[in-house]
Amino acid sequence: MKDDSNKGQNPTPMLDELEGGKWPSFVTGLKRLRDEGAESNQRIMNDLLGQLNHSYEEKLGFWKGGTLSVLGYGGGIIPRFSEVADKFPESKEFHTLRIMPPAGNHYTTDLLRKFADIWERHGSGLIAFHGQSGDIMFQGCTSEAAQPAFDELNELGFDLGGAGPALRTAMNCVGSARCEQSCFNEIKTHRAIINRFIDEMHRPALPYKFKFKFSGCANDCVNAIHRSDFAVIGTWRDDMKVNQEEVKKHVAKVGRKYTIDTVISMCPTRALSLNDDDTLEVDNASCVRCMHCINVMTKALSPGDDRGASIMIGGKRSLKVGDMMGIMIKPFVKLDTDEDIEELEEFAETVIEFFADNALEHERVGETIDRIGMPAFLEEVGVEADPNMVNHPRTSSYVRTDDFEEEANKWFERKAAEAGMTADAE
Amino acid sequence: MKDQAEKPRMPTESGVPDPFPYMHPTLKENYGNWDWHDRPRPGVLHHVSKTGAEVWTVRAGTQRQLDVFTVRKLADIGDEFADGHLRFTTRSNIEFMLADQAKVDPLIEKLTAEGFPVGGTGASISMISHTQGWLHCDVPGTDASGVVKGMMDMLHDEFVQEKMPNRMRITTSCCQINCGGQGDIAINVQYTKPPKINHDLVANVCERPTVVARCPVAAIRPAMVDGKPSLEIDEKKCVCCGACYPPCPPMQINSNEGTKIAIWVGGKHSNARSKPTFHKLAVAGLPNNPPHWPEVKDAVGKIVNAYKKDAKHWERVGEWIERIGWNRFFELTDLAFTKHHLDTWTGSRKTMNTSAHVHF
């Protein structure tokens, strides 16, 4: 009611309904910017609320895209122009700056305040932590304000993220910063890879988007397998670590039946057995590093010492062939040293180059792999076929195999070389 | 900078920022050296390093779309309780790290008093991952923040406690591109009508070959309509996916009545126990009914309740259904199984039951 009496204020009856309830309300936040924000924030937010309420009533969106960038860059800003600017002129331009956060989303309160101050002056005062691609989204500035806002954020040490057919902003889980299950240095790897290819982010020239994501273990807290073209997932290749005293304590605490039901029986490869003395027997050769038992018995069990990562390629969302998950391409790479990370960077470069050279317009790398077949892809990126790449070998006999013996010999030679290398190392 | 105003400023291509200057000192000191963790209570994680150092993390829900007042309030809370540091999770929860256990309870009290629910850990329903919707997207069929707000109001208790069989991840997407991703429950727009074409605009706005190529079922072809170069749709072939709309806005896919909501179940990102999975259709045809979406809430509530009541500890939704069978899933949730649940897309044969295994 108060809304209607205030001259010039857009009524928001539909949105007002979203102010009650126990969850923090974004509407209350938008209204606070309208009522108490900086003068420019007030103007923008009044019309933004008006347009949003209009959408709720019409059940339609009223933004259209366009082109906008800052000097020197070709992407990273999501332009939005209102189609109902005649009714809501103050938010007729409501662009978003995608800014890459510190890897792992760590902030100081001082930094947050600086962001707030910058966006209060140049934008609408509305910031999302974070968008689905992992960026901080500074939402709601005019075309004119984009450059000065970016300049200030850039001076603070922050850079635009990706948009369009380009390398996109990446994400890593909290990982080594606070998680004992972490199997590699997520922050270092993430920064090394993205910063090496930063040109591909700022100057979109790829057939379509290309995303990296980095998860420290198979729990995949940043959803890398589903949501990235190039997923780096932590794993280990020696035996998992078992503290038998802690296993016994766990069993004593929760009970034998409960331990069997929630740990032993839930192992996907039947690699666990509870001994008569309540210690744990692990068939490490059958373990697939799924993380379940380690998640349940956090004090008793942990990943092994020979840690590294698996590389999975080709995950994406629906458009246009349907959702796809990444395929296991490299079951294990070490990521301990600078040289290890450099090697991963070089492999990533090979994959990006393959993508740039071979993908059709608007095709993700997973679709390209489907189109040309895994053998052709592997040959292009210099990776040998590995049984970990498949759920099972082919079931269709329609394949030409006249060089089978040659290929089999390569496998045996490779195995012999690997065995030799292991023997030398020891 | 001001002195050089006449000279345009070129960007510093600094890339992904180094997080260490912003990281809580206890996390920095124990980077890569953590030993184990437990959860003393819902919303609190307790991590212990190999050196014996400890850190308590208090997690709270936010509205994700933060106004500067809320940003500053969270910063003030970070200063008072968490040594001036904080972080955000993948699902937009805020986390305050505390080196001092004595501050945990006062921080929880403060966050709760300020309206930020403390929870989202362990076997809870965490914050819904959501997209931009009517607030900012150029192709949305519905809103995101509003759906999530209403849904989290309803699920608040399951956020602040750990009483689900396992964690439950819910997502929303405002169009069929599905930016919200996979979830135990996914609440996604499902279009039900072919796009309506504004033939006056197509020639000027759309690159026609691109639009033709974008269609997953080859239902679009170039055509002259009323003497203008435009596009036409074979409506019998059209699967109403909306893929043509982003490259060609005159092919309006959204409409007041044609835009519906579908709910999908059993998506899982983690590799724990079972391999990652995609979500599967549970129910479609729900009305897009702002500002409260009551029909959607009702259907989600049925699935949440059935899972909570029937699943075993550590089973995710997809794993629970795998055990009980789809027959029983539809029975327990009181939802209908229809011909539209039978997949017709590439690879659909692999989704059919080709065994004699039957659930009764």
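Residues numbered from 1 in each chain as written. Chains lettered and ligands numbered in written order. Predicted model: local features only at pLDDT ≥ 70, side-chain atom pairs only at ≥ 80, totals over all residues.

Trainee: I'd love a proper account of the overall build of chain B, names of residues and values included.
Mentor: In terms of regular secondary structure, chain B is built from nine helices and 14 strands. Projected onto the principal axes, the alpha-carbon positions of chain B cover approximately 75 × 75 × 35 Å. Taking all 360 residues of chain B together, 51% fall into the buried category. Taking the intrachain contacts of chain B between residues at least 6 apart in sequence as the baseline, contacts between residues at least 24 apart amount to 64%. (Helix = DSSP H or I, 4+ residues; strand = E, 2+ residues; numbered from the N terminus. Buried ≥ 20, exposed ≤ 12 C-beta atoms within 10 Å, placed from the backbone. Contact = placed C-beta atoms within 7 Å.)

Trainee: How would you explain the sheet that holds strand β13 (residues 259–265) of chain B if you had to name every residue and give the values?
Mentor: Residue and element names in this part refer to chain B. Pairing in this open sheet of four strands is mixed, and the strands run β7-β8-β13-β14 from one edge to the other. The sheet terminates laterally at β7 (170–173) and β14 (280–287), the two strands that pair on one side only. Averaged over all pairs of adjacent strands, the angle between their axes in this sheet comes to 25 degrees, without regard to strand direction. With four bridges joining them, β7 and strand β8 (residues 185–191) adopt parallel strand pairing. The residue bridging Ile-170 from the neighbouring strand is Ile-185, located in β8. (Pairing = 2+ DSSP bridges. Axes fitted to C-alpha atoms, helices over the stretch in contact; angles between N-to-C directions.)

Trainee: Go over the domain arrangement of chain A with me, naming the residues and quoting the values.
Mentor: Residues and elements named next belong to chain A. Split by domain assignment, chain A resolves into domain 1 (1–161), domain 2 (171–236 + 308–425) and domain 3 (241–302). Taking the mean C-alpha position of each, domain 1 and domain 2 sit 36 Å from one another. Taken together, the eight residues of domain 1 in the interface contact eleven residues of domain 2. (Domains from an automatic or database assignment.)

Trainee: Report on the environment of Asp-35 of chain B, specifying residues and quantitative values.
Mentor: With respect to the secondary-structure elements, Asp-35 of chain B resides in strand β1 (residues 34–41). What makes Asp-35 of chain B partly exposed here is the crowd of 16 C-beta atoms within 10 Å. Sequence-wise, Asp-35 of chain B and Gly-52 of chain B are 17 residues apart; in three dimensions their C-alpha atoms are separated by 8.6 Å. Once residues lying within four places of it in the same chain are set aside, the contact partners of Asp-35 of chain B are Glu-180 of chain A together with Val-48, Ser-49 and Lys-50 of chain B.

Trainee: Describe the interface of chain A and chain B, naming the residues involved and giving the relevant values.
Mentor: Of the residues lining the interface, 101 residues belong to chain A; the matching set on chain B comes to 97 residues. Here the side of chain A that touches chain B takes nine residues from helix α5 (residues 109–122) of chain A, the largest share from any one element. A class-by-class count of the residues in the side of chain A that touches chain B yields 46 nonpolar, 34 polar and 21 charged. Here strand β5 (residues 106–108) of chain A runs beside strand β5 (residues 85–88) of chain B; their pairing, made up of three bridges, is antiparallel. By the bridge assignment, Thr-108 of chain A is partnered in β5 of chain B with His-85 of chain B. (Nonpolar A, V, L, I, M, F, W, Y, C, P; charged D, E, K, R; others polar.)

Trainee: Explain the confidence of the model for chain A to me, and be specific about the residues and the numbers.
Mentor: Taken as a whole, chain A shows an average pLDDT of 96; of its residues, 97% reach a score of 70 or greater. For residues 1–5 of chain A, every residue scores under 50 in pLDDT, and the model assigns this stretch four contacts once sequence neighbours within four places are set aside. (pLDDT = per-residue confidence, 0-100.)

Trainee: Which residues make up the packing of α5 of chain A against helix α2 (residues 68–81) of chain B, and what are the values?
Mentor: Interhelical geometry of α5 of chain A versus α2 of chain B gives an angle of 165 degrees and a closest axis separation of 9 Å. Taken together, α5 of chain A and α2 of chain B sit at an angle that is classed as roughly antiparallel. Of the two possible hands of crossing, α5 of chain A and α2 of chain B adopt the one that is left-handed. Contact residues: Thr-109, Leu-112, Arg-113, Phe-115, Ala-116, Trp-119 and Glu-120 of chain A in α5 of chain A; Val-68, Val-71, Arg-72, Leu-74, Ala-75, Gly-78 and Asp-79 of chain B in α2 of chain B. Residue composition of the contact of α5 of chain A with α2 of chain B, grouped by class: eight nonpolar, two polar and four charged. (Parallel < 35°, antiparallel > 145°, perpendicular 65-115°, else oblique. Left-handed = near helix turned anticlockwise from the far one by under 90°.)

Trainee: Please give an account of the nonpolar core that cites residues and values.
Mentor: Ranked by internal contacts, the top residues of the largest apolar core, which has 203 residues, are Ile-127 of chain A together with Val-58 and Leu-98 of chain B. Ignoring sequence-local partners within four residues, the contact set of Val-58 of chain B consists of Gly-43, Val-44, Phe-96, Leu-98, Val-104, Leu-107, Ile-108, Leu-111 and Val-118 of chain B. (Core = buried A, V, L, I, M, F, W, Y, C linked by C-beta atoms within 7 Å.)

Trainee: So what's going on with the environment of Leu-126 of chain A? Which residues, and what values?
Mentor: Counting through the fold element by element, Leu-126 of chain A comes out in strand β6 (residues 126–129). Residue class for Leu-126 of chain A comes out buried when judged on the 30 C-beta atoms lying within 10 Å of it. Considered as a pair, Leu-126 of chain A and Asn-41 of chain A are 85 residues apart in the sequence and their alpha carbons are 8.9 Å apart. Excluding its chain neighbours within four sequence positions, the residues that come into contact with Leu-126 of chain A are Leu-30, Leu-33, Gln-139 and Gly-140 of chain A together with Gln-65 and Asp-67 of chain B.

Trainee: Outline the pairing of β8 of chain B, listing residues and values.
Mentor: Residue and element names in this part refer to chain B. Within β8, seven of the seven residues are buried, which leaves it mostly tucked inside the rest of the structure. Neither face of β8 is open: one carries Ile-185, Ile-187, Val-189 and Tyr-191, the other Ala-186, Asn-188 and Gln-190, and all of them are buried. Summarising the sheet, β8 and β13 pair through seven bridges and their orientation is antiparallel. Paired with Ile-185 across the strands is Val-265, a residue of β13.

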